[in-house]
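# Remarks on the overall topology
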Amino acid sequence: MEKRNTIQRQLILNAVEELNIHATAEQVYEYVVRKYPTISKATVYRNLGQMAESGELLNIGSFYGQTHYDHNCHKHYHFMCKDCRRVFDVEGDFDDLFGKFSGIDGFDITNISFNGLCCDCK
């Protein structure tokens, strides 16, 4: 089923790109509702899920209890600062890490992320 490119959908995609912070659905909603006050949270959440399923956005997982979305859809990794809770892109080739865990105790590794302190919080 092809998804229509609605005004709401475009506003949500633009918000994720413009925020450029690996935004949560709540952050996207707060950003979009300022420009389009009649949009509902359900519309934002539903469209984020659909855009992640279709590959327009990345659902980079749940950090600190909230799912984060990324407009940068090329292969990359993420670093989460344990103090400020910001999420950063990490470029590099870490494919060898997937291989090291492959087959160990039935693990099926699909994502690697890094945690620690960012430069500002160090």
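Refer to the preceding data block for the structure.
Scope of this entry: the structure provided in the associated data block. Within every chain, residues take consecutive numbers counted from 1 along the sequence as written. Only residues with pLDDT of 70 or above have their local features reported here, since the model is predicted, and side-chain atom pairs are shown and tallied only from 80 upward, although totals for entire chains, interfaces and linings are computed over all residues. Computation of side-chain values covers all heavy atoms of the structure but excludes hydrogens and water.

## Describing the nonpolar core
Where we set the bar: Residues grouped as a nonpolar core are buried Ala, Val, Leu, Ile, Met, Phe, Trp, Tyr and Cys residues, joined through side-chain atoms within 4.5 Å. When a residue's accessible area, from a 1.4 Å probe over protein chains only, is under 20% of the maximum for its type it is buried; when over 50% it is exposed; and in between it is partly exposed. Every helix listed is a DSSP run of H or I at least four residues long, and every strand listed is a run of E at least two residues long, numbered separately from the N terminus. The contact rule is simple, with two residues in contact once any of their heavy atoms fall within 4.5 Å.
Judged by nonpolar contacts, the single largest core of 16 residues is most densely connected at Ile12, Val28, Val32, Ile39, Val44, Leu48 and Leu57. Put simply, the parts of the chain that give this core at least two residues each are α1 (7-19), α2 (25-35) and α3 (41-54). A total of five residues in this core trace back to one element, the largest contributor, which is α2. Val28 has contacts with Ile12, Ala15, Val16, Leu19, Ala23, Val44 and Leu48, leaving out every residue within four places of it along the chain.

## Overview of α2
Within the sequence span of α2, burial applies to Ala25, Val28, Tyr29, Tyr31 and Val32. Of the surrounding elements, those touching the buried residues of α2 are α1, α3 and β2 (66-70).

## Notes on the sheet that holds strand β4 (residues 87-90)
Basically, it comes down to this: At least two DSSP bridges between two strands are needed for those strands to be called paired. Note on definitions: angles span 0 to 180 degrees between N-to-C directions of axes, and those axes are lines fitted to C-alpha atoms, for helices only across the stretch in contact.
Across the sheet, which stays open at both edges, the three strands sit in the order β4-β3-β5 with mixed pairing between neighbours. The open sheet terminates on both sides in strands that have one partner only, identified here as β4 and β5 (113-116). Going from strand to strand, the sheet's axes swing by 25° on average, the running direction of each strand aside. Relative to β5, strand β3 (residues 77-81) is paired through four bridges, and the arrangement is parallel. Directly across from Phe79, in β5, lies its bridge partner Phe114.

## As for the side chain of Asn72
Selection criterion: Whenever two N or O atoms come within 3.5 Å, that pair is a polar contact, provided that in protein one can donate a hydrogen and the other can accept it, and provided that, for residues adjacent in sequence, both atoms are side-chain atoms.
Checked against the element boundaries, Asn72 lands in the loop between β2 and β3. There is a polar contact of 2.3 Å between the side chain of Asn72 and the side chain of His74. At 3.1 Å, the side chain of Asn72 and the side chain of Asp89 are in polar contact. Residues within four places of Asn72 in sequence aside, it is in contact with Leu58, Asp89 and Glu91.

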